[in-house]
Amino acid sequence: MKHHKNHIERDNALVQPLNRRRALLTLGAAGAAGIALTPGIASAANKVKTTARIVIAGAGAAGLAAASRLSEALDGAKITLIDARKEHFYQPGFTLVGSGIKPAGYVVSTTAEYVPAGVELVQERVAEFDPEGKKVVTESGQAHAYDFLVVATGMKLEYGLIEGMEEDLIGKNGIGSIYHSPAKAEATWQAMSAFADKGGRGVFLRPGTEMKCAGAPLKYTFITDDYLSRRGQRSKAEVVYNSNNKALFSVPIVSEKVRMLFQERGIQVNYERVLKAIDPGKRIATFNTPAGTEEQGFDFIHVIPPMRAPEPIRNSPLPWQTGAWAAEGWLEVDKGTLRHVRYRNVFGVGDIAGVPKGKTAASVKWQVPVAVDHIVAEIAGKTSDALYTGYTSCPLITRLGRAMLVEFDYQNNLVPSFPGVIAPLEELWISWVMKTMALKPTYISMLRGRA
Amino acid sequence: MKELDPFILLAVFQEMLGPLLWILLAVVVLGLVAFVALLVREKGLVSRRLVRSEALGIVGGALALVLMAKVSSSGFTDAAGPADWFLIALVFGAGLVGSTILAYTIAGWWPARRQPAGTANAH
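Residues numbered from 1 in each chain as written. Chains lettered and ligands numbered in written order. Predicted model: local features only at pLDDT ≥ 70, side-chain atom pairs only at ≥ 80, totals over all residues.

1. Here's the deal with the overall build of chain A
Moving on, step 1. Each helix and strand in chain A was counted, giving ten helices and 24 strands.
Moving on, step 2. For chain A, whose C-alpha radius of gyration is 22 Å, the value lies close to the compact-globule estimate of 22 Å for 451 residues.
Moving on, step 3. The buried share of chain A, taken over its 451 residues, is 54%.
Moving on, step 4. Pairs at least 24 residues apart make up 66% of the contacts formed inside chain A by residues separated by at least 6 positions. (Helix = DSSP H or I, 4+ residues; strand = E, 2+ residues; numbered from the N terminus. Rg over C-alpha atoms; globule rule 2.2 N^0.38 Å. Buried ≥ 20, exposed ≤ 12 C-beta atoms within 10 Å, placed from the backbone. Contact = placed C-beta atoms within 7 Å.)

2. Structural notes on the sheet that holds strand β22 (residues 346-348) of chain A
In any sheet, the strands associate via hydrogen bonds between backbone groups, in a parallel or an antiparallel arrangement.
All names here are of chain A.
Moving on, step 1. Spatially, five strands are ordered β7-β4-β2-β11-β22 in an open sheet, and the strand pairing comes out parallel. In this open sheet, the two strands that pair with only one neighbour each are β7 (119-122) and β22. Strand after strand, the sheet turns through a mean of 20 degrees between neighbouring axes, direction not considered.
Moving on, step 2. By the bridge criterion, four bridges tie strand β2 (residues 53-57) to strand β11 (residues 148-151) in an arrangement that is parallel. Directly across from isoleucine 56, in β11, lies its bridge partner valine 150.
Moving on, step 3. In this fold helix α2 (residues 61-73) packs onto β2, β4 (78-82), β7 and β11, with an angle of close to 170 degrees to the strand it touches most, β4. (Pairing = 2+ DSSP bridges. Axes fitted to C-alpha atoms, helices over the stretch in contact; angles between N-to-C directions.)

3. Description of the UniProt feature "transmembrane region" (unreviewed entry) in chain B
All names here are of chain B.
Moving on, step 1. Mapped onto this numbering, the UniProt entry gives "transmembrane region" (unreviewed entry) at residues 20-41, 53-73 and 85-107.
Moving on, step 2. End-to-end, the C-alpha atoms of residues 53-73 are 30 Å apart, and along that stretch the chain is 90% helix and 0% strand.
Moving on, step 3. Annotated as 100% helix and 0% strand, the span residues 85-107 places its first and last C-alpha atoms 32 Å apart. (UniProt positions renumbered as here; feature names shortened; annotations may be inferred.)

4. Side note on the packing of helix α10 (residues 429-447) of chain A against helix α1 (residues 5-17) of chain B
Moving on, step 1. Across the interface, α10(A) lies against α1(B) with an axial gap of 8 Å and an inter-helix angle of 115 degrees. As judged from the angle between their axes, α10(A) and α1(B) are roughly perpendicular. The two elements α10(A) and α1(B) cross, and the hand of that crossing is right-handed. For the pair α10(A) and α1(B), contact is made by A:Ala438, A:Pro441, A:Thr442, A:Ile444 and A:Ser445 and by B:Ile8, B:Ala11, B:Val12, B:Glu15 and B:Met16, respectively. (Parallel < 35°, antiparallel > 145°, perpendicular 65-115°, else oblique. Left-handed = near helix turned anticlockwise from the far one by under 90°.)

5. Thoughts on the sheet that holds strand β18 (residues 284-289) of chain A
All names here are of chain A.
Moving on, step 1. Here we have three strands laid out as an open sheet, ordered β17-β18-β19, and antiparallel in their pairing. Two strands close off the open sheet at either side, each with one partner strand: β17 (274-279) and β19 (292-297). Taking each pair of neighbouring strands and ignoring which way they run, the sheet shows an average axis angle of 25 degrees.
Moving on, step 2. Here six bridges tie β18 to β19, and the two strands are oriented antiparallel to one another. Bridge pairing links threonine 289 to glycine 292 in β19.

6. Concerning the environment of A:Ala277
Residue and element names in this part refer to chain A.
Moving on, step 1. The residue alanine 277 is located in strand β17 in this model.
Moving on, step 2. For alanine 277, a count of 15 C-beta atoms within 10 Å gives the class partly exposed.
Moving on, step 3. A sequence separation of 92 residues divides alanine 277 from proline 369, and the C-alpha atoms of the two residues are 41 Å apart.
Moving on, step 4. Among all residues touching alanine 277, those that are not within four sequence positions of it are Ile162, Glu163, Gly164 and Thr286.

7. What about helix α9 (residues 361-379) of chain A?
All names here are of chain A.
Moving on, step 1. In this model α9 runs 27 Å from its N-terminal to its C-terminal C-alpha over 19 residues, within 8% of the 27 Å that 1.5 Å per residue would give.
Moving on, step 2. Of all the bends in α9, the greatest reaches close to 25 degrees and is centred on glutamine 367; the proline proline 369 follows between one and four positions later.
Moving on, step 3. For α9, the buried fraction is high: 17 of the 19 residues fall into the buried class.
Moving on, step 4. With its phi angle positive at about 75 degrees, glycine 381 sits one or two positions after the end of α9. (Expected span 1.5 Å × (residues − 1). Bend = angle between axes of the 7 residues up to and from the residue.)

What follows is the structure, given as structure tokens:
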């Protein structure tokens, strides 16, 4: 990763202006009511004229945001968005569904409603990426040639890599997993709520792979602990968190704060435990540890599966060629520009990007404008100096009604949007209010390229 | 990242409130215009009416907090730090000031609408 060092140094200069922009996203700015401006419509004159063919693989948060921004910036480009799924999931809301705060419908909408005019949506799966031939091939065998490719396929949840685990088990036998889908997040809520009614042993964990929203495993542990307390069952319950490595969070200062909170709440912590197998009938989870395997009984378990790149990506030349990211198949992109290291006309944004931080919607919000800026600049015959600093945000819920608004970058710096007002490592109601009220509208605005 | 920040804020509020945003903005703008017109017409504040409106404003402030608690699936009892108290004060204050001005303006124009101009100040 030596070749990225200079980027980190340059990143620092960008942090301050970015913070100011984020600061304006505050809900607290009730003075916004006074703003009666209409959004400026980018006039055709400001757009870059081109006949470039741009293929965007994946119409999740990153793909849709990229489509919106590219169609806004370019005039005449042929933009093709490829994704088989008709539904769009607001994934940051899955924790709230799994906690009984919001219904499953809160996180479900349709992809079509966010596809900008002039962008073609191909409702198919990509079967093959051919960066040498500059084309992608869909399941039906149709080839889509491109001048630029934006890879935004997201990742695959690999429940099957845990012995004995099946997706159908979620919601049964005390097994939960909010990650799977809105319906399974709701089923997880039923299972967790039943556990909170009677107590027992609650087992929590995170996978040994890269994962999306590394805060969610912690949030769900905190929320379960809170429900147990509220229902008077905490004394009859054991809450155990199993970390895959020697930390609780990748940012040391946050990890330490979580450790303190876990200790305060009586949540036991095991380090270096990776879920290997699950026996739903006997309710036993088997973990790999440095000293061999370890069995843990459970009355409720929150399973978070290993995550890796979708198969067509792993079978292509696009992933990292060495290291842990090669095995998991994450795209080999420059962590500052998000441009593919070997294929200059390929960019990776969102969960699929092989960068050290940021598999969250907040990261997407800051990654997409950077990748788009580089594409548009290249089309216009210019160069862009836009860089992604690794900004990621996690409203880390620590109990119902409170969260810590944790924001950080590649260097593990805390980069609070509201320094001196919203302390990043304090459990605050205002952070919870942002999570429940402001985040979804901000996310939807991002899909439309307006935030 | 070249966009103007107020537009982002506007976009977010538009997503949050939908058409309600424009209705709320209209109420704020029309309410303020009517309030200022009333001040000009009456050449100042009528203290009796202001006190009554303020009493109503306290109810408005409390209602704003209840609404906030409902939409955020939480309550001000979850407040844990200065930023939270600030938010509570802000929400309560906005509810108080908004409903006071609205009540004062309506109470001021209501008799004026029914009585000939000039007699509205009689009470």
